[in-house]
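Residues per chain are reported as follows:
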Amino acid sequence: MSDGLPDGVERRPFDGRERLATRGSPVYGEPTDGDWRAWDASRSKLGAMLSRGLDTGLTGGEPVLYLGAAAGTTVSHVADFAGPTYAVEFAPRPTRDLLDAAAPRSNLFPLLKDAREPASYAHVVEPVDAIVQDVATRGQAEVALRNRRFLADDGRLLLAVKARSEDVVADPGDVFERVLEDLRSGYEVLATERLTPTHEDHLAVVATPRT
Ligand code: SAM
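The notes below deal with the structure included here. Remember, predicted model here, so these are calculated numbers, not experimental data.

A separate point is the overall build of the protein. Looking only at helices and strands, one finds six helices and 11 strands in the protein. By the compact-globule yardstick of 17 Å for 211 residues, the protein fits well, its C-alpha radius of gyration being 16 Å. With respect to the principal axes defined by its C-alpha atoms, the protein has extents near 45 × 40 × 35 Å. Per-residue burial over the protein gives 51% buried out of 211 residues. As presented, the protein carries roughly 9,600 Å² of accessible surface, and 45% of it is formed by carbon and sulfur atoms. Taking the average location of the 25 positive side-chain charges in the protein and that of its 34 negative ones, the two points are 4 Å from each other.

What follows concerns empty space enclosed by the protein. Enumeration over the complete set of coordinates arrives at one cavity of 30 Å³ or more. Taken as a whole, the largest cavity encloses approximately 30 Å³ of empty space. As for the largest cavity, its lining consists of Lys45, Leu46, Met49, Tyr66, Val132, Gln133, Asp134, Leu158, Leu159 and Ala160. Contributions of two or more residues to the lining of the largest cavity are made by α1 (45-51), β8 (128-133) and β9 (151-162). A per-class count over the lining of the largest cavity returns seven nonpolar, one polar and two charged.

This next bit is on the site of the ligand. Neighbouring residues of the ligand: 18 residues in total, closest Tyr66, Thr74, Glu89, Ala115 and Asp134. The separation between an oxygen atom of the ligand and a polar side-chain atom of threonine 74 is 2.5 Å. Alanine 115 places a polar main-chain atom, nitrogen or oxygen, 2.8 Å from a nitrogen atom of the ligand. For the ligand, whose accessible area on its own is 610 Å², the fraction buried by protein is 85%. Taking a 2 Å distance to the grid points as the criterion, the majority of the atoms of the ligand fall inside the largest pocket.

What follows is about the layout of surface pockets. Picture a little ball the size of a water molecule; that probe, rolled over the atoms, points out where space is still empty. The calculated volume of the largest pocket comes to roughly 210 Å³. Here the lining of the largest pocket is composed, by residue class, of six nonpolar, two polar and five charged.

Note the cis peptide between threonine 196 and proline 197, where omega equals 5 degrees. Positionally, proline 197 belongs in the loop between β10 (187-194) and β11 (202-209). Even without a glycine there, the phi angle at alanine 70 is positive, about 50 degrees. With a relative accessible area of 35%, alanine 70 lands in the partly exposed category. Its identity is not glycine, yet aspartate 201 carries a phi of approximately 60 degrees, on the positive side. With respect to the element layout, aspartate 201 can be found in the loop between β10 and β11. Take aspartate 201: its relative accessible area is 16%, and that puts it in the buried class.

Its 12 residues place the ends of helix α6 (residues 172-183) 16 Å apart at the C-alpha level, agreeing with the 16 Å of an ideal helix rising 1.5 Å per residue. Looking at α6, one finds that the buried residues are Pro172, Val175, Phe176, Val179, Leu180 and Leu183. Within α6, the buried residues cover an arc of 135 degrees as seen down the axis, which keeps them to one side. Considering only its buried residues, α6 is in contact with α4 (140-147), β9, α5 (163-166), β10 and β11.

Rules used throughout
Residues numbered from 1 in each chain as written. Predicted model: local features only at pLDDT ≥ 70, side-chain atom pairs only at ≥ 80, totals over all residues. Heavy atoms only, no water. Helix = DSSP H or I, 4+ residues; strand = E, 2+ residues; numbered from the N terminus. Rg over C-alpha atoms; globule rule 2.2 N^0.38 Å. Buried < 20%, exposed > 50% of the residue type's maximum accessible area, 1.4 Å probe, protein only. Areas by Shrake-Rupley, 256 points an atom, 1.4 Å probe, with all protein chains shown as cover. Lys, Arg positive; Asp, Glu negative; His and termini not counted. Charge placed at Lys NZ, Arg CZ, Asp CG, Glu CD. 1 Å grid on protein atoms, 1.4 Å probe; cavity = no way out; pocket = protein on both sides within 12 Å on 5 of 7 lines; lining within 4 Å. Points joined across faces, edges and corners; volume = space filled by probe spheres on them. Nonpolar A, V, L, I, M, F, W, Y, C, P; charged D, E, K, R; others polar. Near = heavy atom within 4 Å. Polar contact = N/O pair within 3.5 Å; in protein donor to acceptor, adjacent residues only side chain to side chain. Sits in = over half its atoms within 2 Å of the grid points. Expected span 1.5 Å × (residues − 1). Arc of directions from axis to C-beta. Contact = heavy atoms within 4.5 Å.

Next up, the structure:
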């Protein structure tokens, strides 16, 4: 690990600008340089967290559970540096693209499942050192609480909370407070940071299970 980045993630120049990068096959038309592919932090909340220097606890090589994988933009980068990467997504359409992203990645396991029902994938997912969550639906704290069962006692929850998914009209600051309060029933919150301007009305949360 260097620069607070997990092994396998580096800052490298692309098109005259330093950007995060991982080694793997391109997925979403991102610029490449040899084996390296740029990680577009404006399209990835986890990318934004790492790029801002948030202490995510990710070291590289660890098992990860990713909730809300969509078409695989971010989770493909995770699989480039992590160990076994379980990617939960409940919408069939993006899952088709996720399967394409997984094809050249033997450690990326797409699961067409609902993250609110972890029992439906508990037979597949091993204990993990990190849960990355970006589901952008109502009840984001509840999803994190239900999936806590997979997380090692000293593991990290890396959560992107989208305020508008909880309440379109409320002040985002109030929404974040409510989500954090719910989250604290099962997690200790270690750090929070608003991801403005790359991700408006999103709060990044780093948390660890309460024991
Ligand atoms: N994390 C993705 C990335 O950076 O590439 C983008 C995720 S997008 C903001 C949110 C995704 O979460 C959508 O694809 C949505 O279908 C999925 N999602 C929402 N609720 C879910 C649930 N309960 N179970 C599984 N996936 C869910």
